[in-house]
Amino acid sequence: MTASPTDSAPTRFGVMGTGRITRRLVADLQSTDAVSVTAIASRSQERADWFASQYGIPAAVEGYQALLDRDDIDAVYLSLPPSLHSEWCVRAAEAGKHILCEKPLATSADQAHQIAQACERHGVRWLDATGWLHHRRTAEMRALASGGRLGRLGHITAAVSFYRPFQSGEHRLDPALGGGCLLDLGWYTAGLACYFAGRSPHRVFADCIEENGVPLRTNAMLWFDDDLTASFSCGYDTATRKWFEVAGSDASVICDDFTRPWAERPTRFWVHDANGEVQSHESSDRQEQRMIQALIGQQPLDEFNQLALRTQTVLDALAESARRKQPVVVECDVRPDAPSPSR
Ligand SMILES: NC(=O)C1=CN([C@@H]2O[C@H](COP(=O)(O)OP(=O)(O)OC[C@H]3O[C@@H](n4cnc5c(N)ncnc54)[C@H](OP(=O)(O)O)[C@@H]3O)[C@@H](O)[C@H]2O)C=CC1
Ligand SMILES: O=C1CO[C@H](CO)[C@@H](O)[C@@H]1O
């Protein structure tokens with residue numbers, strides 16, 4: 001088995017898949033201290049060769065298992081369609097590789113738990129590549145919510161959309177590949193609600209408009225204890241949105257770029273008081289590099305891992321609700337967090 005990431009030797013990454021997001025994350029990996037990208041794997045040798053030559057990666061490999069069989073990688077970055085995440089994460093864990101897996105972690109909570117258990121069994125670290133959680137301002141925004149600045153929390157709202165971000169052979173439109181906005185974008189919105197609530201909802205409702213057998217738009221409602229509620233909208237049929245509001249009895253935190261900063265702008269959020277006073281906050285950070293540093297470092301990843309498992313469980317419940325067209329109770333087997341903001 002590969003040794004744990006250490007401060008002394010660079011962590012050597014292997015990359016699985018050569019898709020759209022791969023390009024961005026490979027650049028993020030290559031610009032992170034103490035990280036190198038050693039090899040990239042594709043289903044096709046030709047494609048792997050092309051990608052390796054474009055991005056200065058020493059080795060190009062045909063087939064994902066061939067990548068895992070190599071001794072010169074310590075960790076993998078997995079950017080495959082969602083339905084392939086669990087199989088390849090489990091195989092990576094079995095090969096002793098640490099894992100950075102694209103969101104959504106899997107296509108069901110069962111699969112997500114299988115990943116977590118395989119990583120535990122084989123002593124490897126894992127993270128879902130949900131960059132916004134690692135931005136420095138994210139913890140600041142949560143501290144405002146949990147520290148009483150907003151008063152008693154009442155409602156969390158979020159919207160994430162991208163207008164038809166489809167290419168040919170698009171996995172987002174293929175049910176067999178884990179397509180649809182609920183998994184793809186609901187990952188952000190449901191995860192955000194759980195992150196700020198600090199717990200799981202006990203009941204959820206979702207309504208989906210479908211295309212090609214996958215959700216094209218999802219509107220959802222989540223009920224937490226202590227009368228905290230959340231709602232979100234996500235989809236592929238409206239222009240780019242990535243905003244949320246956490247509303248308390250005294251003030252709200254509002255952010256319009258939470259998943260990723262708008263191009264060429266600093267990230268921003270606002271605290272909006274009941275009397276119309278607004279405090280603006282702007283900052284810059286490299287959230288993906290911080291995420292990669294977290295994976296290769298020594299710090300406990302429990303908080304991120306628990307949130308990912310919780311999010312996947314909530315997404316299962318939302319999918320079931322949309323199928324049954326009625327609210328469903330969330331069966332959450334993830335242990336509770338530390339005291340939550342509004343308790
Ligand atoms: N964190 C973020 O900001 C973002 C995350 N994502 C996530 O990243 C993952 C990949 O998304 P994206 O890069 O847009 O996807 P792409 O379709 O662009 O790429 C997926 C890659 O997976 C490989 N693959 C293996 N099997 C299949 C298959 N049956 N069909 C299609 N591709 C296959 C292909 O690589 P090859 O043929 O070389 O093996 C392909 O290039 C998703 O989970 C998505 O949610 C996406 C965008 C942004
Ligand atoms: O995570 C994501 C962010 O942006 C994309 C739009 O290009 C989404 O579809 C995607 O999966």
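Here the structure is a predicted model, which means the values were calculated and not measured.

If you check the shell around ligand 2, you find K103, F162, P165, R172, D184, L185 and Y188 and nothing else. In the environment of ligand 2, an oxygen atom lies 2.8 Å from a nitrogen or oxygen atom belonging to the side chain of K103. At 2.8 Å from an oxygen atom of ligand 2 is found a side-chain nitrogen or oxygen belonging to R172. Protein contact buries 76% of the 300 Å² of open area that ligand 2 shows by itself.

This part is about the packing of helix 8 (residues 186–197) against helix 10 (residues 302–324). Packing of helix 8 against helix 10 brings their axes to within 9 Å, and their N-to-C directions diverge by 115 degrees. The handedness of the crossing between helix 8 and helix 10 comes out as right-handed. Where helix 8 approaches helix 10, its residues G186, W187, A190, G191, C194 and Y195 are matched on the opposing element by E303, L307, A308, R310, T311, Q312, V314, L315 and L318. Of the residues in the contact of helix 8 with helix 10, the class split is 9 nonpolar, 4 polar and 2 charged.

Taking 1.5 Å per residue as the helical rise, helix 10 with its 23 residues ought to reach 33 Å, and the 33 Å between its terminal C-alpha atoms agrees with that figure. The first or second residue beyond helix 10 is K325, which carries a positive phi of 60 degrees.

Reading across from one edge, 3-2-1-4-5-6 is the order of the 6 strands in this open sheet, with parallel pairing throughout. Edge positions in the sheet fall to strand 3 (59–62) and strand 6 (126–128), since each has one partner strand and no second. Going from strand to strand, the sheet's axes swing by 20 degrees on average, the running direction of each strand aside. The sheet contact formed by strand 4 (residues 75–78) and strand 5 (residues 98–101) spans 4 bridges and is parallel. Across the sheet, residue Y77 finds its bridge partner in strand 5, namely L100.

Ligand 1 sits among 26 residues. The nearest are T18, S42, R43, Y64 and K103. Note that an oxygen atom of ligand 1 is positioned 2.9 Å from one of the backbone N or O atoms of R20. L80 places a polar main-chain atom, nitrogen or oxygen, 3.4 Å from an oxygen atom of ligand 1. Considering ligand 1 on its own, with 890 Å² of exposed area, one finds that the protein chains cover 85% of that surface. For the shell around ligand 1, the residue count by class is 10 nonpolar, 8 polar and 8 charged. For the shell around ligand 1, the domains that each give at least three residues are domain 1 (11–129) and domain 2 (135–329).

Okay, the sheet that holds strand 14 (residues 278–283) next. The 9 strands lie next to each other as 14-13-12-11-7-10-9-8-15, forming an open sheet whose pairing is mixed. At either end of the open sheet lies a strand with only one pairing partner, and these are strand 14 and strand 15 (328–329). Pairing of strand 12 (residues 251–255) with strand 13 (residues 267–273), which is carried by 5 bridges, proceeds in the antiparallel orientation. By the bridge assignment, I254 is partnered in strand 13 with W270. Sheet strands in contact with helix 6 (residues 136–146) are strand 7 (153–161), strand 11 (241–248), strand 12, strand 13 and strand 14, and its direction is about 10 degrees off that of strand 13. Packed onto the sheet, helix 10 meets strand 8 (203–211), strand 9 (214–223), strand 10 (229–235) and strand 15 and runs at close to 65 degrees relative to strand 8.

With that settled, the discussion passes to the UniProt feature "domain: Gfo/Idh/MocA-like oxidoreductase N-terminal" (unreviewed entry) in the protein. Mapped onto the present numbering, the UniProt feature "domain: Gfo/Idh/MocA-like oxidoreductase N-terminal" (unreviewed entry) falls at residues 12–125. In residues 12–125, the share of helix is 45% and the share of strand is 22%. The end C-alpha atoms are 14 Å apart.

Attention now moves to the confidence of the model for the protein. The predicted model of the protein averages 95 in pLDDT, with 94% of residues at 70 or higher. Scored below 50 in pLDDT, residues 338–343 makes 17 contacts in the model with residues more than four places away or belonging to other chains.

With respect to the helices and strands, the residue G17 is situated in the loop between strand 1 (11–16) and helix 1 (20–30). Spatially, the C-alpha atoms of G17 and R47 are 9.5 Å apart, while their sequence positions differ by 30 residues. Sequence-distant contacts of G17, that is, excluding residues within four places in its chain, are made with T22, I40, A41, Y64, S79 and L80.

Reading the values: the criteria
Residues numbered from 1 in each chain as written. Chains lettered and ligands numbered in written order. Predicted model: local features only at pLDDT ≥ 70, side-chain atom pairs only at ≥ 80, totals over all residues. Heavy atoms only, no water. Near = heavy atom within 4 Å. Polar contact = N/O pair within 3.5 Å; in protein donor to acceptor, adjacent residues only side chain to side chain. Areas by Shrake-Rupley, 256 points an atom, 1.4 Å probe, with all protein chains shown as cover. Axes fitted to C-alpha atoms, helices over the stretch in contact; angles between N-to-C directions. Helix = DSSP H or I, 4+ residues; strand = E, 2+ residues; numbered from the N terminus. Left-handed = near helix turned anticlockwise from the far one by under 90°. Contact = heavy atoms within 4.5 Å. Nonpolar A, V, L, I, M, F, W, Y, C, P; charged D, E, K, R; others polar. Expected span 1.5 Å × (residues − 1). Pairing = 2+ DSSP bridges. Domains from an automatic or database assignment. UniProt positions renumbered as here; feature names shortened; annotations may be inferred. pLDDT = per-residue confidence, 0-100.

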